[in-house]
Amino acid sequence: MTEHPTPQGSRATRTPQPPPPHGRRADGRGSQSQDPVPDSSPEPGPDRGGEQTDRLQYLDVATRRIARGMDLDETLRELRRAAVPTFADTIIVHLHDPLPVGDEKSAAPVVLQLHSVSRRPETPATSGSPLLKTRPLHSDIAELVRPDATGRLSKLLLAGRPAFGDAPGIAPAVTELLGPLAKVPEGIPPGRRLIIAPLHGRRHVMGTVVLLRRPDRSPFIRDDLLVASQLATHTAIGVQKAVMYGHEASVADTLQHTMLPSSLPEPTGIRLASRYLPASKTAQVGGDWYDAIPLPGNRVALIVGDVMGHSMTSAAIMGQLRTIVQTLAGLDLPPDEVLHHLDEQAQRLGSDHIATCLYAIYDPISHRLLIANAGHPPAVLLHPDGHGEVLRVPPAAPIGVGGVDFESVEMHAPTGATLLLYTDGLVESRETDVGTGVEALRTSLLTAAGGRAAPSLELLCDHILGAMVPGSRDDDIALLTARFEGFPPDSVGYWHLDPHPLTAGQARRLTRRALRRWGLESMLDSTELMVSEVVTNAVRFASRPIALRLLRTDVLRCEVTDDSSQVPRMRQAQPGDEGGRGLFLVDQLAQRWGATRLSTGKVVWFEQQIPKKQRPSEHHRPDR
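This text gives an overview of the structure that appears in the document. None of these values were measured; they are calculated from a predicted model.

Another aspect to go through is the packing of helix α9 (residues 434-449) against helix α10 (residues 457-468). Between α9 and α10, the least distance of the axes is 10 Å, while the angle of their chain directions is 130 degrees. By the angle class used here, α9 and α10 are oblique. Of the two elements, α9 crosses α10, and the hand of that crossing is right-handed. On the side of α9, the interface is formed by Gly 437, Ala 440, Leu 441, Ser 444, Leu 445, Thr 447 and Ala 448, while α10 contributes Leu 460, His 463, Ile 464, Ala 467 and Met 468. For the contact of α9 with α10, the class distribution of residues is 8 nonpolar, 4 polar and no charged.

Applying the stated criterion across every chain yields a total of 19 salt bridges. Between Arg 192 and Asp 166 there is a salt bridge, and its shortest N-O distance comes to 3.4 Å. A residue pair is termed long-range when its members are at least 10 positions apart, and Arg 192 in the loop between α5 (180-183) and β6 (194-200) and Asp 166 in the loop between β5 (163-164) and α4 (171-178) qualify at 26 residues. Overall, the relative accessible area of 29% leaves Arg 192 in the partly exposed class. The class for Asp 166 is partly exposed, based on a relative accessible area of 39%. Where Glu 410 meets Arg 368, a salt bridge forms, and the shortest distance between an N and an O atom there is 3.5 Å. Of the two residues, Glu 410 is situated in strand β15 (residues 409-412) and Arg 368 in strand β12 (residues 368-374); the sequence distance between them amounts to 42 residues. Residue classification places Arg 368 among the partly exposed positions, given a relative accessible area of 29%. Within the structure, one salt-bridge network assembled from shared partners comprises Arg 549, Arg 557, Glu 559, Arg 592 and Glu 607.

The subject of this paragraph is the sheet that holds strand β18 (residues 492-497). Two modes of strand pairing occur in sheets, parallel and antiparallel, and in both the strands are linked by backbone hydrogen bonds. The antiparallel open sheet is built from 5 strands, whose spatial order is β18-β19-β20-β22-β21. Strands at the two margins of the open sheet, each flanked by one partner only, are β18 and β21 (592-598). Each strand of the sheet is rotated relative to its neighbour by a mean of 15 degrees, with strand direction disregarded. Where strand β19 (residues 546-552) meets strand β20 (residues 555-562), 6 bridges bridge the pair, whose relative direction is antiparallel. Its bridge partner lying in β20, Leu 550 is registered against Cys 558. Lying on the sheet, helix α11 (residues 503-517) is in contact with β18, β19 and β20; it crosses β18 at an angle near 165 degrees.

At 3.6 residues per turn, the α-helix brings residues three or four places apart onto the same side. End to end, helix α1 (residues 52-67) covers 22 Å across 16 residues, agreeing with the expected 22 Å (1.5 Å per residue, within 8%). Here α1 lies mainly inside the structure; 12 of its 16 residues are buried. The complete set of buried residues in α1 reads Arg 55, Gln 57, Tyr 58, Leu 59, Asp 60, Val 61, Ala 62, Thr 63, Arg 64, Arg 65, Ile 66 and Ala 67.

Okay, α4 next. When we look at burial in α4, the residues that qualify are Ala 173, Val 174, Leu 177 and Leu 178. On an axial view of α4, the arc spanned by its buried residues comes to 110 degrees, and they lie on one face. Of the residues trailing α4, Gly 179 is marked for its positive phi of about 65 degrees.

A word on the packing of aromatic side chains. Applying the stated criterion to the full structure yields 3 aromatic pairs. Look at Tyr 58 and Phe 87: their rings are 6.1 Å apart centre to centre, the planes differ by 20 degrees, and that puts the pair in the stacked class. Here Tyr 58 is found in helix α1, whereas its partner Phe 87 is found in the loop between α2 (72-83) and β2 (90-96), with 29 residues between them in sequence. The pair Tyr 58 / Phe 87 is uniform in exposure class, with both members buried. Taken together, a centroid distance of 5.4 Å and an interplanar angle of 45 degrees make the contact between Phe 87 and Phe 220 tilted.

Cut-offs applied
Residues numbered from 1 in each chain as written. Predicted model: local features only at pLDDT ≥ 70, side-chain atom pairs only at ≥ 80, totals over all residues. Heavy atoms only, no water. Axes fitted to C-alpha atoms, helices over the stretch in contact; angles between N-to-C directions. Helix = DSSP H or I, 4+ residues; strand = E, 2+ residues; numbered from the N terminus. Parallel < 35°, antiparallel > 145°, perpendicular 65-115°, else oblique. Left-handed = near helix turned anticlockwise from the far one by under 90°. Contact = heavy atoms within 4.5 Å. Nonpolar A, V, L, I, M, F, W, Y, C, P; charged D, E, K, R; others polar. Salt bridge = Lys/Arg side-chain N within 4 Å of Asp/Glu carboxyl O. Buried < 20%, exposed > 50% of the residue type's maximum accessible area, 1.4 Å probe, protein only. Pairing = 2+ DSSP bridges. Expected span 1.5 Å × (residues − 1). Arc of directions from axis to C-beta. Phe/Tyr/Trp six-rings, centres within 6.5 Å; stacked < 30°, edge-to-face > 60°.

Structural data, given as structure tokens:
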């Protein structure tokens, strides 16, 4: 839409918050550009008639053009379009290198880098002017300017006011800024046909603008300094906002990516894959996150969440909530309890922070899924036969509302099924509501499966994003997929033992029987010894039956669970002590071991590497 000057005079306009720079770094560096300008008659402007009303009308249109700039390049492009050919025939823009960010003052000397040149094409009457040569004008202009700290150009930049090129004592500044062009015969037209306008932000010099008119055009007049000042002021503010926004977006983006998992775990019995896509229309990041946390008993917690808003604050709150969830997961609480405590902690962070979250726990041994939802889009389960199911879990209210009762729902997790957890950016847009988007996702899964076994998780993620995500997005997207493989029943041994003095011997016999059935006779002695020590320690404190579980994968894992919350610690036994050496033996014989508190007690576990020739043949695992 073309805007024409109106007789209403100038009015204040607000510069919109710019999104991140595209194609150019926020510090202003990049390839220099030279904008061709159509050779058309100048619009009515201050150089035609010089009337105050025309001048104000021109400024009104020009400043609104500049204010429309949505990033650094666009702001400067609108400046060039507004200035050439209406106000000047050539405009030369230098920017501070690097562009200053924030209010801190740099001790480094000012350096100006040539950013762009725009000029009006030559005509037969002006073909001899160096200003309008057909060859690039950059070769005639200083590309890197280092103003003398005590020179005229530095004083002009600090003053922040435009000056004519023929002003007394200004010649050194012109020479310093334009370099070779100022020394070429007739390089600068005679008379008052050059204006230097500093780009002065709120606290910093952002650069300079040089405006030139050709010899066959009327020279600048005193009122044109006011026009140049307004153009430079609005441009400087736009440049400063773009730089600040780009810096904040870069910090927020780094913050969020640092807080997202750098890699997913690879627990036995489940396959995982994920994707994260920021919004495409703006580099402002949101609070989308996902996580996968191994739990005792080879279970895995699967989490996806979304903090409302798009800013550095949203990314920071996301990081805090993710840390809280990881801590709560370590306590081995059920999903509804995790969401309850997360809700309490979110309220302590501030009443303005609202988030949605879906928390699920998969047990590969019992093939069960326990899931709770806090205002989040529902999970989708792709069954082995290829049909998709939207899991019906009460959504409750979002995290941060307070006083909400969350509910955990338990369901069967078939071997070979794939669980999809995602944020609303995948299924919701300005044109599509969540319900329609979820149904479209389910249909997309049917297409991906094609009535047969689902593809690998990596291919499935790519298919979903390709089918569901348009080229332009308003929101971030987090996607976590989990394929349930489970444990084969013949690789699990599970017993409940009453705590009494003979329990350790019973545990040794059960362990010996299981290892012989698995063909692991070479591991009998070390495993029996460690099982005996761990069970003996559990008997000392347990008041209810003890659970002993052996798991055979590429490692042999033993877990002993009891109802005591007292976690054993390894200590150095003295020569006369009768006990205190059990965990020392476990530490020496096991590849890994640990103790974890549970909501109902604790579990002590250890792992040993199984020799390759004695490992069970692995069931088919599709590529991730």
